[in-house]
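The residues making up each chain are set out below.
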Amino acid sequence: QVQLVESGGGLVQAGGSLRLSCAASGSTFGINDMAWYRQAPGKQRELVARASRSGGTNYADSAKGRFTISRDYAKNTVYLQMNNLKPEDTAVYYCNVRMETSLDYWGQGTQVTVSS
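This write-up is about the structure you can find in this document. This one's a predicted model, so the numbers in the text were calculated from it and none came from an experiment.

Definitions and cut-offs
Residues numbered from 1 in each chain as written. Predicted model: local features only at pLDDT ≥ 70, side-chain atom pairs only at ≥ 80, totals over all residues. Heavy atoms only, no water. Buried < 20%, exposed > 50% of the residue type's maximum accessible area, 1.4 Å probe, protein only. Helix = DSSP H or I, 4+ residues; strand = E, 2+ residues; numbered from the N terminus. Pairing = 2+ DSSP bridges. Disulfide = S-S within 2.5 Å.

### Some remarks on the pairing of strand E7 (residues 67-72)
Then, number 1: Every second residue of E7 is oriented toward a common face, the buried set being Phe 67, Ile 69 and Arg 71 and the non-buried set Thr 68, Ser 70 and Asp 72.
Then, number 2: Alignment of E7 against strand E8 (residues 77-82), held across six bridges, turns out to be antiparallel. Among the inter-strand pairings, Arg 71 is bridged to a residue of E8, identified as Val 78.
Then, number 3: Turn length for the E7-E8 hairpin, with the two strands adjacent in sequence and antiparallel, is four residues, and the turn residue Asn 76 shows positive phi of about 50 degrees.

Here you go:
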């Protein structure tokens, strides 16, 4: 079992920044990808950014140039630095961990609200 604890969400004005953190604990050996997803009201959950164990990253088009995902392998923590936030970034952000076995774990979610 892997437990994920997220932090860093909140209310920010358009153009502002937030940094999300997600710390993994428990059976962390075998973690492959760490990622951030988000879900806005009435919409499906979507991938925001993913960081592979090898260091590769990929981003949703909406996040490119504004968001940066990073990992601290020693701390089993993944971060999402979000700059130039827009009202359409408002959503619940979820941390995701994918194991080598393809098993997924999810965090409880953290609310990000961007006011115009």
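### A word on the state of the cysteines
Then, number 1: Under the criterion given, the structure shown has one disulfide.
Then, number 2: Shown here is the disulfide that connects Cys 22 with Cys 95, its sulfur atoms set 2.1 Å apart. Every disulfide takes its handedness from the sign of the S-S torsion; for Cys 22 and Cys 95 that torsion is -80 degrees, giving left-handed. Separated by 73 residues along the polypeptide, Cys 22 in strand E3 (residues 18-26) and Cys 95 in strand E9 (residues 91-99) bring together distant segments of the chain. Residue Cys 22 shares its accessibility class with Cys 95, and that shared class is buried.

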